[in-house]
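Residue strings, one per chain:
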Amino acid sequence: MALMGTSDPSRETEASQEKPFVLRALQIALVVSLYWVTSISMVFLNKYLLDSPSLRLDTPIFVTFYQCLVTALLCKGLSTLAACCPGAVDFPTLRLDLRVARSVLPLSVVFIGMITFNNLCLKYVGVAFYNVGRSLTTVFNVLLSYLLLKQTTSFYALLTCSIIIGGFWLGVDQEGAEGTLSWMGTIFGVLASLCVSLNAIYTKKVLPAVDDSIWRLTFYNNVNACVLFLPLLLLLGELRALCDFPQLGSAHFWVVMTLGGLFGFAIGYVTGLQIKFTSPLTHNVSGTAKACAQTVLAVLYYEETKSFLWWMSNMMVLGGSSAYTWVRGREMKKVQEEPIPRRTRRVTWRCELLRSPRGGLACPGRRPMNTMLLSL
């Protein structure tokens with residue numbers, strides 16, 4: 001069971017090309033299905049934990065803290081298992097280094113904001129509106145890339161972002177018209193989108209501190225999050241609310257809580273698996289299609305009735321996101337295919353004049369001539 005991408009990509013490509021088409025298609029279908037099932041199940045399970053009328057648990061920070069704790073323990077457990085059984089599990093060695101933890105801390109603060117605002121958004125909005133509420137991630141990617149990295153964006157990419165913004169505002173308007181709009185949930189969704197963009201930018205800066213290992217970064221992020229969540233639990237009074245929770249001793253409650261942590265850990269693995277077996281572009285397209293299926297499932301499961309304009313807002317968000325992925329993919333492909341500018345200039349080599357065995361003059365270690373054409 002390989003959980004760390006340390007294999008040679010060229011060998012993997014050659015191996016995949018040797019496999020029959022039917023087998024490769026079956027592998028891709030299974031991986032994509034696994035990603036869809038894991039992601040959708042995690043959203044519905046978190047919605048149950050955060051806003052279920054039967055559970056009545058009003059401790060969103062504790063739910064997030066427990067999921068981080070489960071993820072950190074799973075990482076450490078797999079690391080120990082890999083050390084004991086090298087052939088069975090491929091996982092990096094994890095040792096808690098306080099210096100590394102401090103260097104990862106700024107990213108961990110953004111990571112805490114990302115997962116907390118995600119869960120708070122899901123608590124206050126319906127699953128059907130959840131994707132629209134967090135749809136501004138692409139827009140923040142473009143904005144922060146310009147402000148922090150000074151990277152400009154093409155006109156067509158900006159046009160797709162305007163479609164996403166239009167779909168977001170139309171969705172907010174339609175939620176308000178139906179009387180189901182939660183401004184608190186919408187604000188949390190916008191903050192979650194901002195933190196997702198910041199997390200992507202700062203991850204690139206912090207990765208060298210953990211030897212470019214995503215699993216080491218996951219471990220340190222979740223350990224830091226567990227420590228930082230403790231004062232929040234005390235300040236917000238969630239520990240007191242948890243003590244008064246009637247189902248605290250219920251095995252069903254802790255099984256569901258642990259399942260939420262398992263899904264939180266698994267989503268990182270299946271995301272990497274889908275990218276490995278397909279491509280980053282295909283992964284984004286699959287994520288968009290999954291969001292569409294998740295919205296339809298939520299409307300059916302909760303027996304909701306939505307207007308035509310509400311569905312149009314979802315289509316604008318999903319269509320704009322897909323169009324942005326397609327535009328950026330074409331732009332990156334174009335950059336990769338552009339030939340490197342070549343300048344030809346005449347260079348005169350000054351060398352010690354030696355007599356060539358065949359007669360004439362020669363330069364040591366050079367072609368037997370004094371003047372050469374170089375393409376730079």
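Per an unreviewed UniProt entry, the chain is named GDP-fucose transporter 1 isoform X2, and its organism is Camelus ferus. UniProt annotates the chain under Subcellular location (unreviewed entry) with the comment "Membrane".

On to the overall build of the chain, then. From N to C terminus, the chain includes 13 helices and 4 strands. Buried residues in the chain amount to 41% of all 376 residues. Pairs at least 24 apart in sequence give 79% of the contacts found in the chain among residues at least 6 apart.

Here we come to the pattern of salt bridges. One pass over the full model with this rule turns up 7 salt bridges. A salt bridge links aspartate 58 to lysine 123, with the shortest nitrogen-to-oxygen separation between them at 3.1 Å. You can see aspartate 58 sitting in the loop between helix H2 (21-51) and helix H3 (60-84) and its partner lysine 123 sitting in helix H4 (residues 98-124), a full 65 residues away along the chain. Residue aspartate 58 is classed as exposed on the basis of its relative accessible area of 53%. A salt bridge links aspartate 97 to arginine 99; the shortest N-O distance between them is 3.7 Å. Residue classification places arginine 99 among the exposed positions, given a relative accessible area of 62%. Taken together, the shared-partner salt bridges connect Glu175, Glu178, Glu304 and Lys306 into one network.

In the structure shown here, the tally under the stated rule is 17 aromatic pairs. A centroid spacing of 5.5 Å and a plane angle of 55° characterise the contact between tyrosine 66 and tryptophan 254, whose relative ring orientation is tilted. Taken as a pair, tyrosine 66 in helix H3 and tryptophan 254 in helix H11 (residues 251-277) lie far apart in primary sequence, 188 residues in all. Accessibility expressed as a relative area gives 14% for tyrosine 66, which makes it buried. Judged by centre distance (5.5 Å) and plane angle (75°), the rings of phenylalanine 168 and tryptophan 169 are edge-to-face. Each residue in the set Phe62, Phe65, Tyr66, Phe245, Phe253 and Trp254 is aromatic and connected to the rest through ring pairs, giving one cluster. Lysine 123 extends its terminal NZ or CZ atom over the ring of tyrosine 124, reaching a point 5.8 Å from the ring centre.

Considering every residue of the chain, the mean pLDDT works out to 85; 85% of them sit at 70 or more. Mean pLDDT values over the elements of the chain span from 31, in strand S4 (residues 371-375), up to 95, in helix H7 (residues 155-177). Contacts from residues 344-376, a stretch scored under 50 in pLDDT, to residues over four places away or in other chains number 43 contacts.

Turning our eyes to something else, we now look at the UniProt feature "transmembrane region" (unreviewed entry) in the chain. Mapped onto this numbering, the UniProt entry gives "transmembrane region" (unreviewed entry) at residues 21-44, 64-88, 100-117, 129-148, 155-171, 183-202, 214-236 and 251-272. For residues 214-236, the helix share is 96%, the strand share is 0%, and the end-to-end C-alpha distance is 31 Å. Taken end to end, residues 251-272 is 100% helix and 0% strand, and its first and last C-alpha atoms sit 32 Å apart.

Attention now goes to the packing of H2 against helix H12 (residues 280-301). Where H2 contacts H12, the axes come no closer than 10 Å and their chain directions differ by 45°. Classed by the angle they form, the pair H2 and H12 counts as oblique. As H2 runs across H12, the sense of the crossing is right-handed. In this structure, H2 contributes Val32, Tyr35, Trp36, Ser39, Ile40, Val43 and Phe44 to the contact, and H12 contributes His283, Ser286, Gly287, Ala289, Lys290, Ala293, Gln294, Leu297, Ala298 and Tyr301. Of the residues in the contact of H2 with H12, the class split is 11 nonpolar, 5 polar and 1 charged.

Further remarks concern the nonpolar core. Generally speaking, a soluble globular protein has its nonpolar side chains buried in company with each other. Ranked by size, the top nonpolar core spans 54 residues in total, and within it Leu57, Cys68, Phe229 and Met257 carry the most contacts. Once residues lying within four places of it in the same chain are set aside, the contact partners of leucine 57 are Leu49, Leu50, Val63, Lys123, Leu242, Phe245 and Phe253. Membership of the second largest hydrophobic core comes to 20 residues, among which are Ala72, Ala82, Val89 and Leu107.

Let us look at the environment of asparagine 131. Along the chain, asparagine 131 turns up in helix H5 (residues 127-133). Residues within four places of asparagine 131 in sequence aside, it is in contact with Ala291, Gln294 and Thr295. One polar contact links the side chain of asparagine 131 to the main-chain carbonyl oxygen of alanine 291, over a distance of 3.3 Å.

Note that threonine 160 resides in helix H7. A polar contact is formed between the side chain of threonine 160 and the backbone oxygen of alanine 157, at a distance of 2.5 Å. Every residue in contact with threonine 160, bar those within four places of it in the chain, is listed here: Gly320, Ala323, Tyr324 and Val327.

Turning our eyes to something else, we now look at the packing of H2 against H3. Between H2 and H3, whose axes approach to 9 Å, the crossing angle comes to 140°. One finds that H2 runs oblique with respect to H3. Note that H2 runs across H3; the crossing there is right-handed. Here Asn46, Leu49 and Leu50 of H2 come into contact with H3, specifically with Pro60, Val63 and Gln67. Residue composition of the contact of H2 with H3, by class: 4 nonpolar, 2 polar and no charged.

Mapping valine 127 onto the fold places it in helix H5. On a C-alpha basis, the gap between valine 127 and phenylalanine 44 in space is 7.4 Å, while along the polypeptide they are 83 residues apart.

The rules we used
Residues numbered from 1 in each chain as written. Predicted model: local features only at pLDDT ≥ 70, side-chain atom pairs only at ≥ 80, totals over all residues. Heavy atoms only, no water. UniProt positions renumbered as here; feature names shortened; annotations may be inferred. Helix = DSSP H or I, 4+ residues; strand = E, 2+ residues; numbered from the N terminus. Buried < 20%, exposed > 50% of the residue type's maximum accessible area, 1.4 Å probe, protein only. Contact = heavy atoms within 4.5 Å. Salt bridge = Lys/Arg side-chain N within 4 Å of Asp/Glu carboxyl O. Phe/Tyr/Trp six-rings, centres within 6.5 Å; stacked < 30°, edge-to-face > 60°. Lys NZ or Arg CZ within 6 Å of the ring centre and 35° of its normal. pLDDT = per-residue confidence, 0-100. Axes fitted to C-alpha atoms, helices over the stretch in contact; angles between N-to-C directions. Parallel < 35°, antiparallel > 145°, perpendicular 65-115°, else oblique. Left-handed = near helix turned anticlockwise from the far one by under 90°. Nonpolar A, V, L, I, M, F, W, Y, C, P; charged D, E, K, R; others polar. Core = buried A, V, L, I, M, F, W, Y, C linked by side-chain atoms within 4.5 Å. Polar contact = N/O pair within 3.5 Å; in protein donor to acceptor, adjacent residues only side chain to side chain.

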